[in-house]
Amino acid sequence: MKGLAFTTPLVPKVLDGSKTVTRRLPMKNGKCRYREGEIVFLAEAWRKANRLNEHISGDSDLRFYTGIVEYKAGGDRLVHAGTWGLNDLSSAWRSPRFMPEWASRAKLEIVSIRRERLQEITEEDAIREGVDELEVCAVPFCPERCLREPGCYRLKESFRFIW
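Computed from a predicted structure; not experimentally measured.

### Observations concerning the pattern of salt bridges
Per the stated rule, a full pass over the model turns up 10 salt bridges. As a salt-bridge pair, Glu44 and Arg105 come within 2.8 Å of each other at their nearest N and O atoms. With a gap of 61 residues between them, Glu44 in the loop between strand S2 (39–43) and strand S3 (46–48) and Arg105 in the loop between strand S6 (76–82) and strand S7 (107–109) connect regions that are remote in the sequence. Classification of Arg105 as partly exposed rests on a relative accessible area of 28%. Of the charged contacts, one joins Glu101 and Lys107 as a salt bridge, the two residues approaching to 3.8 Å between their closest N and O atoms. Its relative accessible area of 32% is what places Glu101 among the partly exposed residues. One network of salt bridges, in which partners are shared, links Lys19, Arg23, Arg114, Glu116, Asp125, Arg128 and Glu129.

Right, here's the structure in full:
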């Protein structure tokens, strides 16, 4: 299963459902890495929170590991790490690009794929991308009433900061 990496500030928005759209650059050959209907795992910054416990299965001497994985975006969970020998991992933060599927806390479905120019993003798309009032008002010189006016360009401007 493939992972779909997100930056730390966007992970909570993916998990709570407020980010439902994401834009990715195509591969060098112009094709998308993902397919409609494909299930992928959420890849995010993570680390081993403690030394993993080694268990040996009675009959087969098969070793497996359990332990706590901590997420930079907040939270942790107990994982069964299989026979990966992860006791050698440091407790430093690891890139989402190197997150194994077993360490992920969520699965996502690719619902649709289409080509779009970034410059053509609409206000509604910016909201589905995870832009919210806090980010909008964090934009320099953003008027406090910006979200209350129709046609607010600040939503699209904020999208540039999170992309």
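### Details of the packing of aromatic side chains
The geometry of an aromatic ring pair is captured by the separation of the ring centres together with the interplanar angle, meaning the angle of the planes. Taken as a whole, this structure holds one aromatic pair when the rule is applied. Seen from their ring centres, Trp46 and Trp102 are 6.0 Å apart, and the 80 degrees between their planes marks the pair as edge-to-face. Of this pair, Trp46 sits in strand S3 while Trp102 is found in the loop between S6 and S7, placing the two residues 56 residues apart along the sequence. One exposure class covers both Trp46 and Trp102, and it is buried. Seen from the ring of Phe6, Arg24 lies directly overhead, with NZ or CZ sitting 4.9 Å from the centre. Taking the ring centre of Trp93 as reference, the NZ or CZ of Arg47 above it sits at 4.1 Å.

### Focus on the sheet that holds S7
Remark on secondary structure: sheet strands pair via backbone hydrogen bonds, oriented parallel or antiparallel. Pairing in this open sheet of three strands is mixed, and the strands run S1-S2-S7 from one edge to the other. The open sheet has two edge strands, strand S1 (3–5) and S7, and neither has a second partner. Across the sheet, the axes of successive neighbouring strands diverge by a mean angle of 45 degrees, strand direction being ignored. Pairing between S2 and S7: three bridges, direction antiparallel. Note that in S7 the partner of Val40 across the bridge is Leu108.

Criteria and thresholds
- Residues numbered from 1 in each chain as written.
- Predicted model: local features only at pLDDT ≥ 70, side-chain atom pairs only at ≥ 80, totals over all residues.
- Heavy atoms only, no water.
- Salt bridge = Lys/Arg side-chain N within 4 Å of Asp/Glu carboxyl O.
- Helix = DSSP H or I, 4+ residues; strand = E, 2+ residues; numbered from the N terminus.
- Buried < 20%, exposed > 50% of the residue type's maximum accessible area, 1.4 Å probe, protein only.
- Phe/Tyr/Trp six-rings, centres within 6.5 Å; stacked < 30°, edge-to-face > 60°.
- Lys NZ or Arg CZ within 6 Å of the ring centre and 35° of its normal.
- Pairing = 2+ DSSP bridges.
- Axes fitted to C-alpha atoms, helices over the stretch in contact; angles between N-to-C directions.

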